[in-house]
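# Observations on chain architecture
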Amino acid sequence: MPVRAATLTLLLLITACAEQTDTHSTGSTLDRILGRNISPEQITRNFAPDQVARGQALFLKNCAACHGQNAEGTPDWRKPLENGRYPPPPLNGTAHAWHHSTEELKRFILNGGPPGEGRMPGWEGILKDQEIDDILIWIKSLWPEEVYQGWYTRIENRPK
């Protein structure tokens with residue numbers, strides 16, 4: 001009996017090792033290692049249209065003067081100004097805003113910043129939490145699908 005059990009166990013191990021999974025349909029290897037097995041089909045932007053509209057109106061009123069009407073940023077935003085600081089970047093998914101979690105983006109809006117790099121003022125005491133949330137929803141609604149998916153799986157849902 002022990003020989004049969006050992007043989008059966010060996011056969012099961014060989015079979016299990018020989019099976020391969022399709023890593024493209026369930027996310028990257030890194031995502032699986034980090035326990036974030038999220039497929040693109042699971043990522044949906046079901047933003048409430050009224051929240052997107054509020055966010056756009058608030059953005060136009062408070063942010064567009066620097067970041068542009070469509071969050072396109074300042075021309076030459078990668079080139080430092082004479083004072084060494086950088087002009088306002090795009091927020092529409094073509095720059096680096098999507099490299100930050102919602103929590104980090106909210107902190108930048110509240111406190112200004114990023115410290116030492118930009119010249120964005122802090123909006124704490126001016127914009128309410130819900131208004132900031134609305135603005136961020138509108139900004140995220142502009143991001144191309146692949147940018148949003150990458151942000152969602154690698155930034156927003158990274159282990160803390």
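Anyway, here's the lowdown on the structure attached to this text. (Residues numbered from 1 in each chain as written. Predicted model: local features only at pLDDT ≥ 70, side-chain atom pairs only at ≥ 80, totals over all residues. Heavy atoms only, no water.)

As a further point, take the packing of helix H3 (residues 49-62) against helix H6 (residues 129-142). The geometry of H3 relative to H6 is characterised by a closest axis approach of 7 Å and an angle of 100° between their N-to-C directions. On the basis of their axis angle, the class for H3 and H6 is roughly perpendicular. Contacts between H3 and H6 pair Gln51, Val52, Arg54, Gly55, Gln56, Leu58 and Phe59 from the former with Gln130, Glu131, Asp133, Asp134, Ile135, Ile137, Trp138, Ile139 and Ser141 from the latter. For the contact of H3 with H6, the residue count by class is 7 nonpolar, 5 polar and 4 charged. (Axes fitted to C-alpha atoms, helices over the stretch in contact; angles between N-to-C directions. Helix = DSSP H or I, 4+ residues; strand = E, 2+ residues; numbered from the N terminus. Parallel < 35°, antiparallel > 145°, perpendicular 65-115°, else oblique. Contact = heavy atoms within 4.5 Å. Nonpolar A, V, L, I, M, F, W, Y, C, P; charged D, E, K, R; others polar.)

Let's shift gears to the pattern of salt bridges. For the structure shown, the criterion picks out 5 salt bridges. Here Arg107 and Glu103 are joined by a salt bridge, their closest N and O atoms 3.6 Å apart. Residue Arg107 and its partner Glu103 are both found in helix H5 (residues 102-111); the two are separated by 4 residues, about one turn of the helix. Residue Arg107 is classed as partly exposed on the basis of its relative accessible area of 41%. Where salt bridges share partners, they join Asp50, Arg54 and Asp134 into one cluster. (Salt bridge = Lys/Arg side-chain N within 4 Å of Asp/Glu carboxyl O. Buried < 20%, exposed > 50% of the residue type's maximum accessible area, 1.4 Å probe, protein only.)

Here we take up the packing of H5 against H6. If you want to describe how two helices pack, look at the angle between their axes and the distance between the axes. Viewed as axis vectors pointing N to C, H5 and H6 meet at an angle of 120°, and their least axial separation amounts to 11 Å. Relative to H6, the element H5 is oriented oblique. The way H5 lies across H6 gives a crossing that is right-handed. Side by side, H5 and H6 meet where Thr102, Leu105, Lys106, Ile109 and Leu110 of the first sit next to Asp129, Ile132, Asp133, Leu136 and Lys140 of the second. (Left-handed = near helix turned anticlockwise from the far one by under 90°.)

Here we come to H3. Note that an α-helix has 3.6 residues per turn; residues three or four places apart therefore point the same way. The first and last C-alpha atoms of H3 sit 20 Å apart over 14 residues, in line with the 20 Å expected at 1.5 Å per residue. Of all the residues in H3, the buried ones are Gln51, Val52, Gly55, Leu58, Phe59 and Asn62. Projected onto a plane normal to the axis of H3, the buried residues spread over an arc of 130° and lie on a single side. Exposed residues lying more than 90 degrees from the buried face of H3 are Pro49 and Lys61. Of the surrounding elements, those touching the buried residues of H3 are helix H4 (64-67) and H6. (Expected span 1.5 Å × (residues − 1). Arc of directions from axis to C-beta.)

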